[in-house]
Amino acid sequence: MEILDAHTHVDESPTLGWLDPPEALIPLLDEAGISRAVIMAYSDLPGPRPETLDYVAGAVARYPDRLWALIRLTPRHPEEAKRLLVHAVRERGFVGLKLHPVSFALPPGHPLVVDLIRTAAGLGVPVLFHSGDDGQSTPLEIAPAAAACPEAAIILGHMGGYFHTADAIAVARAHPNVYLETSAMPYPQRIRDAVRAIGPERVLFGSDGPGCQPALEVDKVRRAGLSEAEQVLVFGRNLRRLLGRSDKTP
Amino acid sequence: MILDAEIYLGPNLFGPGLDEAALLHSLDAHGINRAVVCPARPPDYHLGPANDRVGAAVRRHPDRLVGFARVDPHQGPAALAELRRAVLDLGLRGLLLHPWEELFAVNDPSVEPLLGFAQERRLLVQIAGGYPLVSHAVQITDVAGRFPEVSILATHGGQINISGRGLYDAGQMLRARPNVYLQTSGVYREDWLEDTARELGAARIVFGSGAPYYDQGFELERIRRLHLPSGDRDAIAGLNLSRLLALI
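Residues numbered from 1 in each chain as written. Chains lettered and ligands numbered in written order. Predicted model: local features only at pLDDT ≥ 70, side-chain atom pairs only at ≥ 80, totals over all residues. Heavy atoms only, no water.

Draft legend 1. A look at the overall build of chain B. Helix and strand content of chain B: 10 helices and 8 strands. Compactness check: chain B gives a C-alpha radius of gyration of 16 Å against a globular reference of 18 Å for 248 residues, within 12% of the reference. Overall, the C-alpha framework of chain B stretches about 45 × 40 × 35 Å when taken along its three principal axes. Among the 248 residues that make up chain B, the fraction classed as buried is 62%. For chain B, restricting intrachain contacts to residue pairs at least 6 apart in sequence, the fraction spanning at least 24 positions comes to 76%. Summed over its atoms, the accessible surface of chain B is roughly 9000 Å², and 53% of this surface lies on carbon and sulfur atoms. Side-chain charges of chain B comprise 24 positive and 29 negative groups, with the mean position of each set lying 3 Å from the other. (Helix = DSSP H or I, 4+ residues; strand = E, 2+ residues; numbered from the N terminus. Rg over C-alpha atoms; globule rule 2.2 N^0.38 Å. Buried < 20%, exposed > 50% of the residue type's maximum accessible area, 1.4 Å probe, protein only. Contact = heavy atoms within 4.5 Å. Areas by Shrake-Rupley, 256 points an atom, 1.4 Å probe, with all protein chains shown as cover. Lys, Arg positive; Asp, Glu negative; His and termini not counted. Charge placed at Lys NZ, Arg CZ, Asp CG, Glu CD.)

So, in structure tokens, the structure goes:
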């Protein structure tokens, strides 16, 4: 069964002290039996570390058969963010947009955020939100963005974190363009709940590696009691469909 | 030797409850030798009968279960009286403080008489840690500094934040307070466990499942898969807690 990972990190952030080059991630993917992973940085662009774009693109260039990349942006610089998004997708091979509202401190339904999501949708790429328990990242706060951009594929990373998984499932049930991504939240059973509530096609495996251990995150989904067919979708086929990558294309 | 530092017994006001038979079955199913059993807060709010329930379970299974008392600091002298009763009459061996479910700040002065008693009787203390406003790592750091002789297990390692924004304060808590232990239930980020073991020693980390809030098998798997020497994993899985409870 092919395992693709919808949420991992490659970055070296001296501010956070999180130093995770691709060489830290790849062995963990190998250990977990994950064939490819979507990587993203720990900080937003435009920002104090403009080299992040080249760093992430460089990681994909070093491991082209293992990694895809999202560009992580802050809508607080609307024109530059849009320019970077178009550049990253059209010219650098990035496959989507990462938004971390706790980092850029805007409500997800804010017009500047919605505008950037629409740009992503126009480029045909999905948007992965950090969705946990902090204000401006909870599922019900992201729901207005999903409603405002029904043409955009919105992924709730961590599917609501520790306290908001029920809200994440409810938001996905209400909005057919919302997907749930399984990383880091500690409840195997909630993955089963999600599949029962919204079907297996919009639940995506993610690990949040290398901080969270990819092999453990795979084990978590295995514990959810999904059928073989459901696991095929959750572990890989759904992400391939979302990224427009058939089984035959790399 | 596997010990689980945190399981809640009995009917639970806040969610699923675990009865004694299910609890023991779960220990057997996961190869767990012993467990610290804490009272869940029952739907009728009364912690005294919940402590009695834990005491009875421990008397029936003294080789498998270690009981912790649970009291509500809001009750002032009555809380201390209940803790004394639970320890002296029921034979419970530790104190659970659950600031989120009893709704108190863990560094509130009302907690001090309870920790004073814990110090006097050499009780192990467990704090439901990382909950916003009530048991943030800096609050645990504060109260733990007033009772440096009391060993304290901080559940979730004192941080419940999937953005990673609790990691800094929790790390500083462990560095500043050698009497605080990182208890692993539901914890965010395995690399933090591994880094902490390398920096401060695996002796500072204690496995707990937090069942039934968390999945006991998955929580144990979290420890089994840590990228640490097997001796460190064994220490985390049970030996550290055995030592803290003076079982070995």
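Draft legend 2. Representation of the overall build of chain A in the model. Each helix and strand counted, chain A has 10 helices and 10 strands in total. For a compact globule of 250 residues, the expected C-alpha radius of gyration is about 18 Å, and chain A comes in at 16 Å, within 12% of that figure. Taking all 250 residues of chain A together, 62% fall into the buried category. A distance of 5 Å separates the average location of the 25 positive side-chain charges in chain A from that of its 30 negative side-chain charges.

Draft legend 3. Here's a closer look at the pairing of strand 9 (residues 178-181) of chain A. Residue and element names in this part refer to chain A. Here strand 9 shows no split at all, with Val178 and Leu180 on one side and Tyr179 and Glu181 on the other all buried. When strand 8 (residues 154-157) meets strand 9, the two strands line up parallel, connected through 3 bridges. Paired with Ile155 across the two strands is Tyr179, which belongs to strand 9. Between the parallel pair strand 9 and strand 10 (residues 203-204), the chain is carried across by helix 8 (residues 188-198), and the sense of this crossover is right-handed. (Pairing = 2+ DSSP bridges. Right-handed = clockwise from strand over helix to strand, strands pointing away.)

Draft legend 4. Here's a closer look at the sheet that holds strand 4 (residues 94-97) of chain B. Residue and element names in this part refer to chain B. Across the sheet, which stays open at both edges, the 8 strands sit in the order 1-2-3-4-5-6-7-8 with parallel pairing between neighbours. Of all strands in the sheet, those bounded by a partner on one side alone are strand 1 (3-9) and strand 8 (205-206). Two strands pair when backbone bridges link them, and strand 5 (residues 124-127) and strand 6 (residues 152-154) are joined in this way by 3 bridges, in the parallel orientation. The residue bridging Val125 from the neighbouring strand is Ile152, located in strand 6. Along the sheet, helix 1 (residues 20-29) makes contact with strand 1, strand 2 (34-39) and strand 3 (65-70), crossing strand 1 at roughly 160 degrees. (Axes fitted to C-alpha atoms, helices over the stretch in contact; angles between N-to-C directions.)

Draft legend 5. Quick peek at the interface of chain A and chain B. Counting from both sides, the interface comprises 29 residues of chain A and, opposite them, 27 residues of chain B. Measuring nitrogen to oxygen at the nearest pair gives 3.9 Å for the salt bridge that ties Asp219(A) to Arg225(B). Between the two partners, chain A and chain B, sit 12 residue pairs in polar contact (both at pLDDT 80 or more). Counting residues per element, the ones that place at least two in the side of chain A that touches chain B are helix 1 (22-32), helix 4 (101-104) and helix 9 (214-222) of chain A. The residue inventory of the side of chain A that touches chain B, partitioned by class, reads 14 nonpolar, 9 polar and 6 charged. (Salt bridge = Lys/Arg side-chain N within 4 Å of Asp/Glu carboxyl O. Polar contact = N/O pair within 3.5 Å; in protein donor to acceptor, adjacent residues only side chain to side chain. Nonpolar A, V, L, I, M, F, W, Y, C, P; charged D, E, K, R; others polar.)

Draft legend 6. Quick look at the nonpolar core. In terms of nonpolar packing, the biggest core is built from 143 residues, with Ile117(A), Ile154(A) and Leu97(B) touching the most fellow members. When residues of this core are assigned to their parent elements, the largest contribution, 7 residues, is made by helix 5 (residues 111-123) of chain A. Counting 16 residues, the second largest nonpolar core, distinct from the first, contains Leu3(B), Phe68(B), Leu96(B) and Val206(B). (Core = buried A, V, L, I, M, F, W, Y, C linked by side-chain atoms within 4.5 Å.)

Draft legend 7. Quick look at the confidence of the model for chain B. Summarising the model, chain B shows a mean pLDDT of 97, and 100% of its residues fall at 70 or more. Across the predicted assembly, pTM comes out at 0.97 and ipTM at 0.97. (pLDDT = per-residue confidence, 0-100.)

Draft legend 8. Fine view of the packing of aromatic side chains. Within this structure, the stated rule accounts for 7 aromatic pairs over all chains. Considering the side-chain rings of Phe163(A) and Trp100(B), the 5.8 Å spacing of their centres and the 45 degrees angle between planes classify their relative orientation as tilted. Taken together, the residues Phe163(A) in the loop between strand 8 and helix 7 (165-174) and Trp100(B) in helix 4 (residues 99-102) connect one chain to another. Looking at Phe163(A), the relative accessible area reads 39%, which means it is partly exposed. Ring centres 5.7 Å apart and planes at 10 degrees place the aromatic pair Tyr187(A) and Tyr214(B) in the stacked group. Here Tyr187(A) is found in the loop between strand 9 and helix 8, whereas its partner Tyr214(B) is found in the loop between strand 8 and helix 9 (216-224) on a different chain. You'll find Tyr187(A) and Tyr214(B) in the same group, each marked buried. One aromatic cluster in this structure is built from Phe163(A), Trp100(B) and Tyr131(B). Above the plane of the ring of Tyr187(A) lies Arg190(A), whose end atom (NZ or CZ) is 4.4 Å from the centre. (Phe/Tyr/Trp six-rings, centres within 6.5 Å; stacked < 30°, edge-to-face > 60°. Lys NZ or Arg CZ within 6 Å of the ring centre and 35° of its normal.)

Draft legend 9. Summary view of a nonpolar patch on the surface. Residue and element names in this part refer to chain B. Taken together, the side chains of Leu13, Phe14 and Tyr45 define a hydrophobic patch exposed on the protein surface, amounting to about 280 Å² of accessible area. Examined against the element boundaries, Phe14 turns out to sit in the loop between strand 1 and helix 1. By relative accessible area, which is 37% here, Phe14 ends up partly exposed. (Patch = residues over 30% accessible without salt bridge, like charges linked within 9 Å, V, L, I, M, F, W, Y side chains within 5 Å.)

Draft legend 10. Region of the structure containing the sheet that holds strand 1 (residues 4-9) of chain A. Residue and element names in this part refer to chain A. The parallel open sheet is built from 8 strands, whose spatial order is 1-4-5-6-7-8-9-10. Strands at the two margins of the open sheet, each flanked by one partner only, are strand 1 and strand 10. Across the sheet, helix 2 (residues 52-62) touches strand 4 (36-40) and strand 5 (67-72), and the angle it forms with strand 5 is around 170 degrees.

Draft legend 11. Expanded view of the pairing of strand 5 of chain B. Residues and elements named next belong to chain B. Of the two faces of strand 5, the one holding Leu124 and Gln126 and the one holding Val125 and Ile127 are both buried throughout. Bridge count between strand 4 and strand 5: 4 bridges; the pairing is parallel. Bridge pairing links Gly94 to Leu124 in strand 5. For the crossover from strand 5 across helix 6 (residues 137-146) to strand 6, the handedness is right-handed.

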